[in-house]
Number of protein chains: 2
Amino acid sequence: MSQYSAPLSDFRFLLHEVFQASDLWQRLPALTELIDGDTADAILEEAGKVAASLIAPLNRSGDEEGAQWAQGTVTTPRGFKQAYATYIDGGWVGLAGNPAFGGMGMPKMLAVQVEEILYAANSSFALYSALSSGACLAIDAHGSEALKQLFLPPMYAGRWAGTMCLTEAHAGTDLGLIRTRAEPTVDDRYRISGSKIFITGGEQDLTENIVHLVLARLPDAPKGSRGISLFLVPKWQVEADGSLGQRNTVTCGSIEHKMGIKASATCVMNFDGATGFLLGEANKGLAAMFTMMNYERLSIGIQGIGCAETSYQNARAYARDRLQGRAPTGAQAPMQVADPILVHPDVRRMLLTMKALNEGGRAFSCYVGQLLDLGKYSIQPGEQQRAQALAALLTPVCKAFFTDTGLESCIHGQQVFGGHGYIREWGQEQLVRDVRIAQIYEGTNGVQALDLLGRKVVGDGGAMLATFCGEVLEFVQHSDSTYCVQITQEVRRLQRVSALLLDRASNDPTQIGAASVEYLHLFGYVAYAYMWARMMSVAEQRMAEDVDFYSAKLATGQFFFSRLLPRTLSLEATILAGAEPLYGLLDTQF
Amino acid sequence: MSQYSAPLSDFRFLLHEVFQASDLWQRLPALTELIDGDTADAILEEAGKVAASLIAPLNRSGDEEGAQWAQGTVTTPRGFKQAYATYIDGGWVGLAGNPAFGGMGMPKMLAVQVEEILYAANSSFALYSALSSGACLAIDAHGSEALKQLFLPPMYAGRWAGTMCLTEAHAGTDLGLIRTRAEPTVDDRYRISGSKIFITGGEQDLTENIVHLVLARLPDAPKGSRGISLFLVPKWQVEADGSLGQRNTVTCGSIEHKMGIKASATCVMNFDGATGFLLGEANKGLAAMFTMMNYERLSIGIQGIGCAETSYQNARAYARDRLQGRAPTGAQAPMQVADPILVHPDVRRMLLTMKALNEGGRAFSCYVGQLLDLGKYSIQPGEQQRAQALAALLTPVCKAFFTDTGLESCIHGQQVFGGHGYIREWGQEQLVRDVRIAQIYEGTNGVQALDLLGRKVVGDGGAMLATFCGEVLEFVQHSDSTYCVQITQEVRRLQRVSALLLDRASNDPTQIGAASVEYLHLFGYVAYAYMWARMMSVAEQRMAEDVDFYSAKLATGQFFFSRLLPRTLSLEATILAGAEPLYGLLDTQF
């Protein structure tokens, strides 16, 4: 029943008007030749078509059918194989990949929008290529030239897929506990043995080969997280000419039965002396993994926006069609038996909440994508360093806030449907189930919050936070928006709370974890306020060009400022309560 | 994996210590002979045993298998039929039923606790008897003596089940639109024709007969909700001696495929000139349905608490077992590879949020159950009327706030499990799916909020609200709790916001629906604060008797006051923003 249409006008608004991407791309030598505004528009339009015609139609059937496992092989739902073949023909897997090895070299700022389209159309399908992109990033950053030459071209082409093998049954958040072993052999190869769980796309029937990136311990490695190395372990061995050789001793023991993303195979992977190659330095595997985490976590966060956008589009259509009751001010459709439910204030509240959060998140993903591009391609050392540090600060906010608000939105979108929202046929309940994983995987949102407050804010004494707040306040200074007072107030709140937590954390290490989730949310609302102010500022200037589009943008922003941003009041009060209330109970008293 | 154990000590604490049920039961003649404290304890203990040993073990398998439909018959999952037979042998269906027709006549205050146990053990299973209880209430209130004699005894015995047939495909919240017809025949019977959807237990294989309560229109009935009558339509006709006669022309056309409560059959019911009996007066069917709604909606609300309690118990066990990372203050279990995750402040935050919301809700369900008992059984006219009106005010708060916080809790309980929370095997994701329906059915939570603010607060000019606030302030006056200042402040906030909304609503009818959901939440937090103050007051007095139990109660209450109650700040600010931000967009601009 779901009918997804990519929000192309919103993408163009962000790229060209809010963030003036073309100007940026002009001054980054790595991008100048590759991309301009028209190309970006064409790419997004094409992505929207592929998503709507090829991928979205497989979302419901994929959920009903699920990925199937039998004797070590995984079968994706009907239609996935054909759709994937068509999809990779478009070159989408290598969209942001390194052109030196066959990637298209597109900026992250554009890639985030394509990612949103994919997740919106079909999260399970999107994951098969999302994990490949992540694996390519790690190989590109840490692999030898030989490994890159051998593995990246077929991976960017989508003929081979990548996975990330981190978690073990007893080691999730605490990767220091992993037990998978890697033993050197006579040549530069290693024999990998151990069992990994929750491996997205660990086995599937879409690609000719699967390239596993595996965290394992070398003999005599230090204990804990400083003794972990990263290995590349292909499903099929690869000959020097790139052809497939022997089957490696890595097998899929089973797949999980999950709440959602059922068409995505979540695998138990058993490595039984499998041949692998070291990526990066020995014992520095975690660091190697984390160099690409800012890219990956942003992408996974965008799943939250994608699912929420589809839920919004469905709920909007339903609210226009479904006739129940009359508007509080009297019949709006007197010739019909009842008014469309869009007339009811509470239905509008739910839809506007979704719209304001989605558009705020979309803008912020674009903003952080831009920072990642600057961090990667800027030739001004100061700018590059600043962008990298700022992206590092903001990435956990993206991952957790996009997905927490994504769940909230999908629940509103389900609620708009009333009883029909609970029925599988309509698709709204699937979006709730599918988006829920994004709060959990790629580091739970609780872990993201600890990363933000502990490592990124307290860790540098609040320096990068000050940079971010400074940027927002500077924008406000040069703006005559009616929301300047409110934004300034919210930035001051964030600064005040941050200063308090820096102080508290210096005496009591429990204070970070006690405040971190609320702190991340407070940060998220301030970030969205900044985005809304930037969007509204453009909308005000351009109003005459397209009253319908820009007045909607203004009204949605006004809704955000008046009805969503006040959530910071409670967040601050809760943070102030500190860690003490969390330790009033003995462990046995829970 | 789930291991549910009924929170008997908490039930006893509420019944005997906080609400002093025995004193009340002593002075209500209808209850004096039927129930005392020991009997109540024995009933709850037995309910806990039945739930843990008989019903909870079918929860996961029931979800996996689901109810099955084939050619008009519905098969419940394996084990349900046997368990139901054992369950009804205990007389549980008639627990709060009218003793004149074979019910046990137990107070609602006790029944709510048994209901919580049932929902906690297995929401799908619980629904089969919950709907019967609701149907019995309606028959008892509106049926002729002959109908009551014929139908109530086998229904209280659980041999026959009841359903509520309200919704039609085009008429959910707006029941005025229903089209099902009822034509009088030569005797006192009617022929019912039409199709109903979302009928819980409309068909099943557990009982000998099914008694449908059906909303339909008589010929020449007025349009809209004033032209709806209520009919009793049995699956099997019933002879004068109570034996089953001919099969009635009501059939189950299909069942829905849903997000959760999969073992509960949600049926499309087709009435094809089926024989029925009028219940209550013609054209007053909606009113007849609503006389029992306070009872039913409270029960459905309790599904929220039940699911959340099970999720809490599972999450607590997992947090004690799962070893990941170290406490921020250093290793707490240095002999193990890592500490149990219960040491982490954020895990404690999630568990305490669940615990504080569950225990607050449990107390409030008990409090409102007591009001319903007073409203039904009090022989002091003033007291009876006050209790009825107060219960009417508070019922939508129970239904919506128990289930909204129930979802929040189940999501926390899933998050505590990390990746394992997303896997079906562990049961935590099922609780999220199962509890979600309780925000939708029996009147969506948005509709509950409109009922609260529109009908119950604005509708009587704030009179009953004043009564409730007065009771809380009076309690505070006689208490020396450290939280008196905070509660008084919160009651003042509720009064202030209510006065503002009464004023706004007099000029602009959209203001009610614009504020209603946040208003209901604000009300809910104030109500829970009142409950926590009452519980903490008892805990302080009795501390010496059981330090472990009472100090946990105090610490949980302190958590509620310091970290959850501040949510009212944002709710108030959002309400103040009013309806205007909801109407900034044209309908076409969404």
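Fair warning: this is a prediction, and the values are worked out from it, not measured in the lab.

Asks: Would you mind going over the nonpolar core with me for this structure?
Replies: Buried together is how nonpolar side chains tend to be arranged in soluble globular proteins. The biggest cluster of nonpolar side chains holds 423 residues, and the ones touching the most others in it are Phe364, Tyr367 and Tyr519 of chain A together with Phe364, Tyr367 and Tyr519 of chain B. Beyond its immediate chain neighbours, meaning those up to four positions away, Tyr519 of chain A contacts Leu452, Leu453, Val457, Leu465, Leu494, Val497, Ser498, Leu501 and Ile575 of chain A.

Asks: Would you mind showing me how to read the pairing of strand 5 (residues 189-200) of chain B here?
Replies: Looking along a regular strand, one sees side chains alternate from face to face of the sheet. Residues and elements named next belong to chain B. One ladder, built from four bridges, connects strand 4 (residues 181-184) with strand 5; its direction is antiparallel. Each residue of the ladder has a partner; that of Glu183, found in strand 5, is Arg191. In textbook terms, the turn of a hairpin is the stretch between consecutive antiparallel strands, and for strand 4 and strand 5 this stretch comprises four residues. As defined by bridge partners, strand 5 adjoins strand 11 (residues 266-279) across 10 bridges and the pair is classed as antiparallel. Its bridge partner being in strand 11, Tyr190 is matched across the sheet by Gly276.

Asks: Would you explain the pattern of salt bridges in this entry?
Replies: Note that side chains of opposite charge can pair when their charged atoms are close. Residue and element names in this part refer to chain B. All chains considered together, the criterion is met by 66 salt bridges over all chains. With a closest N to O distance of 2.7 Å, Arg433 and Glu429 form a salt bridge. Here the residue Arg433 and the residue Glu429 both occupy positions in helix 14 (residues 428-436), the gap between them amounting to four residues, near one helical turn. Assigned by exposure class, Arg433 and Glu429 land together as buried.

Asks: Explanation requested: the environment of Ala539 of chain A in the structure shown.
Replies: Residues and elements named next belong to chain A. Take Ala539: it is sitting in helix 18 (residues 510-542). The class of Ala539 is buried, set by a relative accessible area of 0%. Along the sequence, Ala539 and Glu17 sit 522 residues apart, while their C-alpha atoms lie 9.1 Å from each other.

Asks: What exactly am I supposed to notice about the relation of the copies chain A and chain B here?
Replies: A rotation about some axis, followed by a shift along it, carries one copy of the chain onto the other. The transform that puts chain A on chain B rotates by 180° and translates by 0.0 Å along the axis, for an RMSD of 0.0 Å. The superposition of one copy onto the other is thereby described by a two-fold rotation axis. Minimal C-alpha separation from the rotation axis in chain A is found for Ser570 of chain A, amounting to 2.7 Å. When you check the interface residues of chain A against chain B, 100% turn up at the interface there too, and the contact is symmetric in its surfaces.

Asks: So what exactly am I meant to see when it comes to helix 20 (residues 567-576) of chain A here?
Replies: One full turn of an α-helix is made of 3.6 residues, so residues set three or four places apart face in the same direction. Counting buried residues along helix 20 of chain A, seven of its 10 residues qualify, which places the element largely inside the surrounding structure. Among all positions of helix 20 of chain A, only Thr568, Ser570, Leu571, Glu572, Ala573, Thr574 and Ile575 of chain A are buried. Next to the buried residues of helix 20 of chain A lie helix 17 (484-507) and helix 18 of chain A together with helix 19 (547-564) and helix 20 (567-576) of chain B. The positive-phi residue at the C-terminal boundary of helix 20 of chain A is Gly578 of chain A, with phi of around 75°.

Asks: How should I be thinking about the confidence of the model for chain A in this particular structure?
Replies: In regions of low pLDDT, the predicted coordinates are not meant to be interpreted in detail. Taken over all residues, the pLDDT of chain A has a mean of 96, while the share at 70 or more is 100%. Listed scores for the predicted complex are pTM 0.98 and ipTM 0.98.

Asks: Just checking my understanding: could you explain the packing of helix 6 (residues 80-89) of chain A against helix 8 (residues 123-142) of chain A for this structure?
Replies: Any two packed helices are characterised by the angle at which their axes cross and by the distance between the axes. Residue and element names in this part refer to chain A. The interhelical angle for the contact between helix 6 and helix 8, taken along N-to-C directions, is 50°, at an axis separation of 12 Å. Here helix 8 runs oblique to helix 6, going by the angle between their axes. Where helix 6 crosses over helix 8, the two elements pack in a sense that is right-handed. Taken together, the residues of helix 8 that come into contact with helix 6 (itself represented by Phe80, Ala83, Tyr84 and Tyr87) are Phe125, Tyr128 and Ser129.

Asks: Honestly, the interface of chain A and chain B in this entry has me stumped. Any pointers?
Replies: Reports often express the size of an interface as the amount of accessible area lost when the parts come together. Counting residues at the interface gives 92 residues for chain A and 92 residues for chain B. Both faces combined, the contact of chain A with chain B buries some 7700 Å², and carbon together with sulfur accounts for 57% of it. For the chain A face of the interface with chain B, the top three residues by lost area are Tyr422, Arg563 and Phe590 of chain A, together amounting to 13%. Across the chain A-chain B interface, the total number found is four salt bridges. At the surface where chain A touches chain B, the tally comes to 60 residue pairs in polar contact (both at pLDDT 80 or more). Considering each element in turn, the side of chain A that touches chain B owes the most residues, nine residues, to helix 19 (residues 547-564) of chain A.

The rules we used
- Residues numbered from 1 in each chain as written.
- Chains lettered and ligands numbered in written order.
- Predicted model: local features only at pLDDT ≥ 70, side-chain atom pairs only at ≥ 80, totals over all residues.
- Heavy atoms only, no water.
- Core = buried A, V, L, I, M, F, W, Y, C linked by side-chain atoms within 4.5 Å.
- Buried < 20%, exposed > 50% of the residue type's maximum accessible area, 1.4 Å probe, protein only.
- Contact = heavy atoms within 4.5 Å.
- Pairing = 2+ DSSP bridges.
- Helix = DSSP H or I, 4+ residues; strand = E, 2+ residues; numbered from the N terminus.
- Salt bridge = Lys/Arg side-chain N within 4 Å of Asp/Glu carboxyl O.
- Least-squares fit on C-alpha atoms with pLDDT ≥ 70 in both.
- pLDDT = per-residue confidence, 0-100.
- Axes fitted to C-alpha atoms, helices over the stretch in contact; angles between N-to-C directions.
- Parallel < 35°, antiparallel > 145°, perpendicular 65-115°, else oblique.
- Left-handed = near helix turned anticlockwise from the far one by under 90°.
- Buried area = accessible area lost by both parts, 1.4 Å probe.
- Polar contact = N/O pair within 3.5 Å; in protein donor to acceptor, adjacent residues only side chain to side chain.

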